[in-house]
Amino acid sequence: MSESASWNWDTGEKLVANINDWKKKFIDLRELTPSDDGEKIAAVVQPEKGKFTTCLTGDVWEEKFERVYSLKFKPDNQLISLTYRDYVYALAVDHEMWEETFDFIWNLTLTQDGKGIAVNIKRDPQLGAALNGQVWENLYIDARHLAVSPDGTKTASCIQIQPMKTLDIFTYQKGIWTVAVDGTPWEKKFWSIWGPVFSPDSNHVAACVRTGFAQYNIAVDGNTWEGPFGLVWEPIFKPNTNDVVAPIRTPKGTTLAMNGKPIWGYFFNAWRQIFSPDGQKLAAVVVPSFSRWTIAVDGTPWSTTFSDAVLSPVFSLNSKRVAAVVKDSKRWAVAVDGNPWTEKFDNVWDPIFSPDSNTVVAKAERNGKFYIVVDGKVSKKGYESLWNPVFSPDGKNLLLRCVDNGKYYRKVIPINEL
Amino acid sequence: MAEASVKESTKTEDWVKLNRKPVADPGFDETVKNLTTEKIEKAVNAVLNIGKNGARFMAPLETCIHCALCSNACHWYLSHDKDPTYAPVAKVKMTLWELIKRKGKVSPEFMKQVARIVFCECNLCRRCSMYCPFGLDIAFQLGMVRRMCFILGLVPQNILDQTHSLSATLTQLWITQGDWIDTMQWQEEEVRGEIKNVRIPIDKEGAEVMWCPLGTEPKVATYHIARTAKIMNVAGIDWTVAAQDGWDSANMGMFIRDMETMQRVVRGIYDNAMRLKIKRIVLTE
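Counting starts from 1 at the beginning of each chain's written sequence and moves along it residue by residue. Both sets of labels track the order of writing: A upward for chains, 1 upward for ligands. Totals for whole chains, interfaces and linings use every residue, but because this is a predicted model, local features are given only for residues with pLDDT of at least 70 and side-chain atom pairs only at 80 or more, for both listing and counting. Just so you know, side-chain values use all the structure's heavy atoms and leave hydrogens and water out.

**Description of the environment of E98 of chain B**
Residue and element names in this part refer to chain B.
Part 1 of the argument: Only DSSP runs of H or I with at least four residues qualify as helices, and only runs of E with at least two residues qualify as strands; both kinds are numbered from the N terminus onward. Its location among the elements puts E98 in helix 5 (residues 88-101).
Part 2 of the argument: Note on classification: 1.4 Å probe, protein chains only; a residue is buried when its accessible area is under 20% of the maximum for its type, exposed when over 50%, partly exposed between these limits. Of the residues examined, E98 reaches a relative accessible area of 8% and is grouped as buried.
Part 3 of the argument: Expressed as a C-alpha distance, the spacing of E98 and F110, which sit twelve residues apart in the sequence, is 9.8 Å.
Part 4 of the argument: The term polar contact refers here to a pair of N or O atoms within 3.5 Å; inside protein, the definition further demands a hydrogen-donor-capable atom paired with an acceptor-capable atom, and it admits residues adjacent in sequence only when both atoms are side-chain atoms. Among the polar contacts listed, one links the side chain of E98 to the side chain of K101, at a separation of 3.1 Å.

**Considerations on the nonpolar core**
Part 1 of the argument: We call a set of buried Ala, Val, Leu, Ile, Met, Phe, Trp, Tyr and Cys residues a nonpolar core when their side-chain atoms join them within 4.5 Å. Formed by 73 residues in total, the largest nonpolar core has its most connected members in I193 of chain A together with L96, L99, M111, M148 and L154 of chain B.
Part 2 of the argument: Per-element tally for this core: the top contributor is helix 8 (residues 138-152) of chain B, with ten residues.
Part 3 of the argument: Among all residues touching L96 of chain B, those that are not within four sequence positions of it are L48, F57, L61, Q141, V145 and M148 of chain B.
Part 4 of the argument: Counting 56 residues, the second-largest nonpolar core is a separate cluster that includes Y84 and A143 of chain A together with W239 and A273 of chain B. Working rule for contacts: check all heavy atoms of both residues, and any pair within 4.5 Å makes them a contact.

**A closer look at the packing of helix 10 (residues 177-192) of chain B against helix 12 (residues 222-234) of chain B**
To describe two helices that pack against each other, one gives the angle between their axes and the distance between the axes.
All names here are of chain B.
Part 1 of the argument: In this description, a line fitted to the C-alpha atoms serves as the axis of each element, helices being fitted only across the stretch in contact, and the angle between N-to-C directions of two axes falls anywhere from 0 to 180 degrees. The contact between helix 10 and helix 12 brings their axes to 9 Å, and the two run at 60 degrees. Here helix 10 lies oblique to helix 12, going by the angle between them. In this structure, the crossing between helix 10 and helix 12 has a hand that is right-handed. Contacts between helix 10 and helix 12 pair T183, M184, W186, Q187 and V191 from the former with T222, I225, A226, A229 and K230 from the latter.
Part 2 of the argument: Each residue is assigned to one class: nonpolar for Ala, Val, Leu, Ile, Met, Phe, Trp, Tyr, Cys and Pro, charged for Asp, Glu, Lys and Arg, and polar for all the others, Gly among them. The class makeup of the residues in the contact of helix 10 with helix 12 is six nonpolar, three polar and one charged. Oblique is the label for every angle not falling under 35 degrees (roughly parallel), over 145 degrees (roughly antiparallel), or within 65 to 115 degrees (roughly perpendicular). Each helix crossing is assigned a hand: it is left-handed if the near helix lies turned anticlockwise from the far helix by less than a right angle, otherwise right-handed if that turn is clockwise.

**Considering the domain arrangement of chain B**
All names here are of chain B.
Part 1 of the argument: Segment limits for the domains were obtained from an automatic or database-derived domain assignment. With domains assigned, chain B is organised as domain 1 (2-155) and domain 2 (169-283).
Part 2 of the argument: If you average the C-alpha positions of domain 1 and of domain 2, the two centres end up 36 Å apart.
Part 3 of the argument: Both faces considered, domain 1 and domain 2 share a buried interface measuring about 640 Å² in area, 58% of it formed by carbon and sulfur atoms.
Part 4 of the argument: Put simply, buried area is how much 1.4 Å-probe accessible surface two parts lose in total, over both of them, once they are put together. Its largest share of buried area at the contact with domain 2, domain 1 owes to R146, R147 and F150, together 59% of the area lost on that side.

**A closer look at the pattern of salt bridges**
Part 1 of the argument: Here a salt bridge means any side-chain nitrogen of Lys or Arg lying within 4 Å of a carboxyl oxygen belonging to Asp or Glu. In total, this model carries 41 salt bridges over all chains according to the counting rule given.
Part 2 of the argument: Note that D124 of chain A is salt-bridged to K122 of chain A, the shortest N-O span being 3.5 Å.
Part 3 of the argument: Relative accessible area serves as the criterion here: at 17%, K122 of chain A is assigned to the buried category.
Part 4 of the argument: Taken together, the salt bridges that share partners define one network made up of D28 and R30 of chain A together with E188 and R192 of chain B.

**Overview of the interface of chain B and chain A**
Often the size quoted for an interface is simply the accessible area lost on bringing the parts together.
Part 1 of the argument: Facing the 46 residues of chain B at the interface are 52 residues of chain A.
Part 2 of the argument: Between chain B and chain A the total buried area reaches about 4,100 Å² when both faces are included, carbon and sulfur atoms providing 52% of it.
Part 3 of the argument: Our count for the chain B to chain A interface comes out at eleven salt bridges.
Part 4 of the argument: One salt bridge connects E205 of chain B with K363 of chain A, and the closest N-O pair in it is separated by 3.8 Å.

**Here we look at unusual backbone geometry**
Negative phi is the rule for most residues except glycine; trans is the rule for most peptide bonds.
Part 1 of the argument: Each neighbour pair has its own omega, and for D124 of chain A with P125 of chain A the value is 0 degrees, a cis peptide bond.
Part 2 of the argument: Its place among the elements puts P125 of chain A in the loop between strand 11 (117-123) and strand 12 (126-131).
Part 3 of the argument: With an omega dihedral of 5 degrees, the bond running from G227 of chain A to P228 of chain A counts as a cis peptide bond.
Part 4 of the argument: Counting through the fold element by element, P228 of chain A comes out in the loop between strand 21 (223-224) and strand 22 (231-232).
Part 5 of the argument: Positive phi, normally seen in glycine, also occurs at Y87 of chain A, with a value near 70 degrees.
Part 6 of the argument: Structurally, Y87 of chain A is set in the loop between strand 7 (79-85) and strand 8 (88-93).
Part 7 of the argument: In this structure, K82 of chain B is a non-glycine residue whose phi angle is positive, near 55 degrees.
Part 8 of the argument: In this structure, K82 of chain B sits in the loop between helix 4 (75-79) and helix 5.
Part 9 of the argument: Given a relative accessible area of 48%, K82 of chain B falls into the partly exposed group.

Shown next, in the form of structure tokens:
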């Protein structure tokens, strides 16, 4: 998310674009994408048969392509799109095309500040990655999952490093997958590898690896923990350290381990772990009893459990509170510190804490309309489309990016007036 | 435990060798060359010793009265002229029963025959349980023998390769992420020639339906994708396909009891569903 302090926080609403007009103007109008600050909205449009381009807050880019996809705004409101025409794919930032072209590009990934723009790339018959237009020197048989370092200077992707003939089950069992960082592969190879993640200092990469028929481990810079384990889930780094935390499955159950050593008790399952902003607390989704889901904080599960699902925990900025989307008996809600909201919905998006950590808001869907829910209370007005709200720096107002009667608005509303 | 009721000979080579037409499969023939009794013992006991499986293994063995009612449920038995060696109870007798009796101390050749029985002479259809007066879950038992074979790599080549692919790529047929997205875009263009403005929305958040094809569809049967797109569009269904791994609903791990890959495949689909906030998952089958 971009630095919101510089945004316009004057309360009121602004009609940014009349989407009804867009619908009349184009053969095809695809999904809308608003900028973080809500000032701009973009979509892939088809102005003439078989030709696509972008429409940015009403301005139609004169360049036309056979395909345009993966629209994404940078925090500075530049619009990134992936394009295809004349048999080549290229990345465009606003109206500037990367000089490098490809046989396919996907997995558009940005750093938090938007300075690092990365994609997986194909140059027949090989695959790899490119960062800010710079293509890896070495390309591979396959490249999947893309991670960009926090400082925006490195990329990592899971690669198939050796060829394998059709149905050659034995070459696979020798290990032909690894991670490449900026195109340089780890020395050690594995059966399978997924979930690469960079350390906070951008110097290390951890990932899940398979090392045998029912053997899994966590590899950090290619070196595995003392194992193997029955299964592992995606690792994370502890903030400001090189310590890695990941769920591991053992004969006793699943627990979280730090650098290979269990640090929690055992559950039927555990995953989606996350550290608090101050790095002192750790929360994860856990299954304390069969088919009952909840959140555990520092190993202690909430007393309330849910039948269907619990999504990733979200910490408050002061690191003291935890909220998560929960699903029980086919209805969605948010639970905060173990207490589910009374109101249930058809869908709920990740909860967002106010800057002072006292208030929780979330976007929710009910009967085809989208609402803002504040501490469990549903807003009076519902919208056709709504994107995640943003708190003003003082926490008093909310920025809504919404479509109402076919018109896209940027609204700043005092939180007590929703 | 069932040792009291399985007290026949436990000599390593004292077992019934089936007179079957050979099945040539590198997953059996090559893998068995690297097996030892010690490796087999370890794999078998890794499955047998799982506490939660103990009762589910032993209760059916203790309960079965060898009435053979299960035989007439089995299409293998019926289609082999009622050869009793194809009867479900016989398949349990020749595999799990022997493995428990010998505590996993069996020869590689024996294990190869076990693998042939559980992979090539039983479909785990569970019809035998419907005929069993006790409703014994024979398919569960033979499925867990498949698990023992899987841990040893003693699995038919084709299905093992597809499970390897699912493990490495979460797709059944080694499909790259780029090829998957490219194929969806290409199929949209193809269908657009027949139906105006047809779409195959990729990663559309909030769609009603997320369609998860089998890997064979983008790989070798793209016309299935075109047909699905036509049906979804003409029916007015708000649908999408996921751009990230976890779109392929083939789950070969389930068949060979590669539980870990099986779980990763299912999790991948649900992760996409929850990421995209869709309401229904529609699978090809």
